[in-house]
Amino acid sequence: MDLSLLADFLELARELNFSRAAEARNLTQPAFSRRIRALEDAVGTPLVTRTTRSVALTPAGQAFQPRAAAVWIVEHGV
């Protein structure tokens, strides 16, 4: 798995907005959405719920968030 996908997910979890998270990651919103979908495919479950007005973490996304942060910290020595 591309570990930068974890950074994408963590930014989305922080912003709860695809456009703002994509901008923060210097990506277009469609490319960012594809990357989040690729992460969901890799882990085998939806991590966010998407509606026309909101984004929220699923229970799996809530459980995945601290794990993603821990991996990101270990990998980048933050």
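Quick note: structure is the one above.
Every chain is numbered independently, its residues counted from 1 as its sequence is written. Given that this is a predicted model, residues contribute local features only at a pLDDT of at least 70 and side-chain atom pairs are listed and counted only at 80 or more, while totals for whole chains, interfaces and linings are drawn from all residues. Think of the side-chain values as coming from all heavy atoms in the structure, minus any hydrogens and water.

Participant: Can you tell me about the packing of helix α1 (residues 4-15) against helix α3 (residues 29-43), naming the residues and giving the values?
Facilitator: The N-to-C vectors of α1 and α3 enclose an angle of 110°; their axes lie 9 Å apart at closest approach. Classed by the angle they form, the pair α1 and α3 counts as roughly perpendicular. Of the residues in α3, those in contact with S4, L5, L6, D8, F9 and L12 of α1 are F32, R35, I36 and L39. For the contact of α1 with α3, the residue count by class is seven nonpolar, one polar and two charged. The axes are straight lines fitted to the C-alpha atoms, using for helices just the contacting stretch, and the angles between their N-to-C directions are given from 0 to 180°. Going along the chain from the N terminus, every DSSP run of H or I of four or more residues is numbered as a helix, and every run of E of two or more is numbered as a strand. Reported orientations rely on four angle classes, namely roughly parallel under 35 degrees, roughly antiparallel over 145, roughly perpendicular from 65 to 115, and oblique for the rest. Residue contacts follow a heavy-atom distance rule, with two residues in contact if any of their heavy atoms lie within 4.5 Å. Polar here means any residue outside two lists: the nonpolar Ala, Val, Leu, Ile, Met, Phe, Trp, Tyr, Cys and Pro, and the charged Asp, Glu, Lys and Arg; Gly therefore counts as polar.

Participant: How would you explain the nonpolar core if you had to name every residue and give the values?
Facilitator: Within the largest apolar cluster, 18 residues are counted, with the highest numbers of intra-cluster contacts made by F9 and L12. Elements that contribute at least two residues to this core include exactly α1, α2 (18-24), α3, β2 (55-57) and α4 (59-76). Considering every element that reaches this core, the biggest residue donor is α1, with six residues. Apart from the residues within four sequence positions on either side, L12 is in contact with N17, F18, A21, F32, I36, V48 and V55. Buried Ala, Val, Leu, Ile, Met, Phe, Trp, Tyr and Cys residues form a nonpolar core when they are joined through side-chain atoms within 4.5 Å. Each residue gets one of three labels from its accessible area relative to the maximum for its type: buried under 20%, exposed over 50%, partly exposed in between, using a 1.4 Å probe on protein chains only.

Participant: I'd like a rundown of the pattern of salt bridges, residues and numbers included.
Facilitator: Oppositely charged side chains can pair when the atoms bearing their charge come close. The term salt bridge refers to a side-chain nitrogen of Lys or Arg lying within 4 Å of a carboxyl oxygen of Asp or Glu. If you walk through the whole model with that rule in mind, you get eight salt bridges. Note that D8 and R35 form a salt bridge whose closest N and O atoms lie 2.4 Å from each other. A residue pair is termed long-range when its members are at least 10 positions apart, and D8 in helix α1 and R35 in helix α3 qualify at 27 residues. By relative accessible area, D8 is classed as buried at 0%. Of the charged contacts, one joins E40 and R37 as a salt bridge, the two residues approaching to 3.5 Å between their closest N and O atoms. Note that E40 and R37 are positioned in helix α3 at a spacing of three residues, about one turn of the helix. Put simply, D2, D8, R25 and R35 are held in one network by salt bridges that share partners.

Participant: Before we move on, can you summarise the environment of A22 with the specific residues and values?
Facilitator: Along the chain, A22 falls in helix α2. A residue is classified by how much of its surface remains accessible, and A22, at 1% relative accessible area, is buried. Once the C-alpha coordinates of A22 and A56 are considered, the two residues, 34 residues apart in sequence, prove to be 16 Å apart. Residues in contact with A22, not counting those within four places in the same chain, are L27, T28, Q29 and F32.

Participant: Run through unusual backbone geometry, naming residues and quoting values.
Facilitator: For L16, which is not glycine, the phi dihedral falls at a positive 50°. With respect to the secondary-structure elements, L16 resides in the loop between α1 and α2. Owing to a relative accessible area of 39%, L16 belongs among the partly exposed residues under this scheme. Even without being a glycine, N26 presents a positive backbone phi close to 60°.

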